[in-house]
Amino acid sequence: MTNERLASAPERQFWFAEQMAPGATANRALGQVRITGPVDLEVLTRALRATADRHEALRTAFVLDGRVLVRKPSPESVVRPPVVLPAGTGFDEAAAALGADRFDIGAGDVHRTAVAPDAQGATCFLAVHHIAFDGLSHEVWTRDLAAAYARELSGEGHGPAVARPPAPVLDPARREELTARWRQALAGVPDLPAGDRAPSQHELARAAVAEGRTVVAPATTRALQERARQHAVSPFALVLTAYGRALSELTGAADFCVGTPVSTRSATDGDEVGCVLNTLPIRLTDLDGPDVLARVWATVVDALVDLDLPCDEIVRECRPRRSRRMPLFQALFAFQSWPRTVHEAGPVRFRTVPVRPLGAQAEVQMQVCDLGEDGYEGILQIPQDGGWAGRLDDLIRSFHHHLDQLLAPGALEGTR
C-alpha cells in the first residue's frame, strides 16, 4: 500500500518552475523569526526538527508517477542541523548562506534553517522551496516552533503531526462553469506593455532583482482603512487601485492583468505548512472616474468567487498561445494583512518578521505588508535587466501620488 497522493495545482506549478530553472532563487522563500529572551540553542535545534516532523509538506518528496506529479511523504523530515550565523546577520546574508546548495525536491529535501544568536535572543531563518510553503505558512511555522520549544523545555516531547488533506479535485461540471467564466472575464486582455526588453519566463527565473522600499505612514494608513470602510471594500482594493494606476501611467496601458496570490485554505488545512494558494489574474481597465474603486473591488470579488480553477488552467484556457513572457499577467501584487502574533515559550517570545520575495516571479511585483500601528511597508522588485530597469523610483512616486489622489476629499464621491 502506498501513501502517495496527487500533488496540488500550485505544487505542480512550482515543480515545473524548478524543472525549467533548477535552483533558481525565485523558487525559494525565506522566513524570518525574531526570538527574544535567553535562547537555548540545543533546545531550539530539537524544536526545529520537531516542527519539521510535524508538518508533512516539510518531509514530502515530489516525484513523477508516469506523467502525474505525486506527493510522497516520509515519516521523518530531511533535516540538516541549523547553520549558526554571526550576530546581526540580515536577510540578504542569511539568504546567501542558505541558498548555496540546491534543494532536491524529488528526495524531500525542501528546507533548511539557520540561527543568528545575539545578546537579546536570536533570529531564526527558514529557507524553503515554494512547493512546500506560502505566506501564511510562515505564521503557522512560527507558532508551532514556539510550541515545540516550550515542549522541549518542559520535557513533554513532540506534538502530533498534521496530516495534509488530499489535493482538491474539481467536479467536471464546476470546471466547465469556471472555465467559461474566466474565458469571458479575460477575453482579449492584452499584455502589459514592456517595450523591447520583456524578459522570457526562463530569464525571469534567473534574473537578478532590483528592489525599492517605501512606507505608507501610520496616519495615511488609518485614512486608507477608513476610506475602505466608507466604501465597504477591503484596503486591498485601494492599494491595488493605486498600484494599477501607477502601472498604467508608466506604460500607457488601459487594459491589463495584475496577478495576486490568494490563500485557498479551508478549515481542514488552516493549521498546515504547505503551498495552499492560487494566483488570480485581476483585470484592470479604465482606472479613472469616481467609481473606479467600486469597479476594481467588483472585479476582485468576482475573481475570488471563481478561485477554484487553478492558475495554470486559467492561463491555458484564456491564453492558449505560447508566449516567451510570463503568461496572462506580467505584474504581481501581494497584500499581507494578517496579524503577527507574539508566541510565548517559557522565558522567550517568538514573532515573525515580514519578509520579501527572493527572486523575480514577474516583470514587476509589489508586496505590501500591514505592520499594525507602524503603517504599511511596500516592497517593489524588478529584474535588473528587464523593461522596468531604472524605473523603480518613478513607480514608487507614482504609487504614492495615486494613493493620495484616492484619499483626497471628494475623489470617490457618489460611489458609496
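Structure shown above.
Quick notes on the rules
- Residues numbered from 1 in each chain as written.
- Predicted model: local features only at pLDDT ≥ 70, side-chain atom pairs only at ≥ 80, totals over all residues.
- Heavy atoms only, no water.
- Helix = DSSP H or I, 4+ residues; strand = E, 2+ residues; numbered from the N terminus.
- Buried < 20%, exposed > 50% of the residue type's maximum accessible area, 1.4 Å probe, protein only.
- Salt bridge = Lys/Arg side-chain N within 4 Å of Asp/Glu carboxyl O.
- Expected span 1.5 Å × (residues − 1).
- Arc of directions from axis to C-beta.
- Contact = heavy atoms within 4.5 Å.
- Phe/Tyr/Trp six-rings, centres within 6.5 Å; stacked < 30°, edge-to-face > 60°.
- Lys NZ or Arg CZ within 6 Å of the ring centre and 35° of its normal.
- Pairing = 2+ DSSP bridges.
- Polar contact = N/O pair within 3.5 Å; in protein donor to acceptor, adjacent residues only side chain to side chain.
- Axes fitted to C-alpha atoms, helices over the stretch in contact; angles between N-to-C directions.

### Overview of unusual backbone geometry
Notably, Ala-232 is not glycine yet its phi reads approximately 55 degrees, a positive angle. Examined against the element boundaries, Ala-232 turns out to sit in the loop between α7 (218-230) and α8 (235-251). The exposed category is assigned to Ala-232, whose relative accessible area is 65%. In the Ramachandran plot, Leu-328 falls in the positive-phi region, its phi being about 75 degrees despite a non-glycine side chain. Take Leu-328: it is sitting in the loop between α10 (311-318) and β11 (331-336).

### A short note on the pattern of salt bridges
As enumerated under the stated definition, the model contains 32 salt bridges in all. The closest approach of N and O atoms between Glu-11 and Arg-71, which form a salt bridge, is 3.0 Å. Separated by 60 residues along the polypeptide, Glu-11 in helix α1 (residues 9-20) and Arg-71 in strand β4 (residues 68-73) bring together distant segments of the chain. According to the relative accessible area criterion, Glu-11 is buried, its value standing at 0%. The buried category is assigned to Arg-71, whose relative accessible area is 3%.

### Let's talk about helix α9 (residues 292-305)
Here α9 contains 14 residues, and its C-alpha end-to-end distance of 20 Å stays within 8% of the 20 Å for a straight helix at 1.5 Å per residue. Taken as a whole, α9 has its buried residues at Val-292, Leu-293, Val-296, Val-300 and Ala-303. Each buried residue of α9 sits inside an arc of 100 degrees when the element is viewed along its axis, so together they form one side. Where α9 is buried, its residues touch α5 (172-185), α8, β10 (277-285) and α11 (392-407).

### Comments concerning the packing of aromatic side chains
Scanning the entire structure with this criterion turns up six aromatic pairs. Within the aromatic cluster, the residues linked to one another by ring pairs are Phe-236, Tyr-243, Phe-333, Phe-335 and Tyr-376. Between the NZ or CZ atom of Arg-391 and the centre of the ring of Trp-388, over which it lies, the distance is 5.5 Å.

### A few points about the pairing of β10
A large share of β10 lies buried, amounting to eight of its nine residues. Both strand β9 (residues 255-263) and β10 contribute to a ladder of nine bridges, which runs antiparallel. Within β10, the residue paired with Val-262 across the bridge is Asn-278.

### Describing the side chain of Arg-325
Looking at where Arg-325 falls in the secondary structure, it is placed in the loop between α10 and β11. In this structure the side chain of Arg-325 is engaged in a polar contact, spanning 2.7 Å, whose partner is the side chain of Glu-363. Ignoring sequence-local partners within four residues, the contact set of Arg-325 consists of Asp-191, Leu-192, Ala-194, Ala-198, Pro-199, Ser-200, Gln-201, Gln-330 and Glu-363.

### Let's talk about the sheet that holds β11
With mixed pairing, the six strands of this open sheet are ordered in space as β8-β15-β14-β11-β9-β10. Looking at strand neighbours, the two that pair on one side only are β8 (209-216) and β10, the edges of this open sheet. Pairwise comparison of adjacent strand axes, ignoring direction, gives a mean angle of 20 degrees for this sheet. In this sheet, strand β15 (residues 376-383) lies alongside β8 in antiparallel orientation, the contact comprising eight bridges.

### A few points about the environment of Gly-88
Within the secondary structure, Gly-88 sits in the loop between β5 (83-84) and α3 (91-98). Look at Gly-88 and you get exposed, because its relative accessible area is 69%. It is 8.4 Å that separates the C-alpha atoms of Gly-88 and Thr-123, two residues lying 35 residues apart in sequence.

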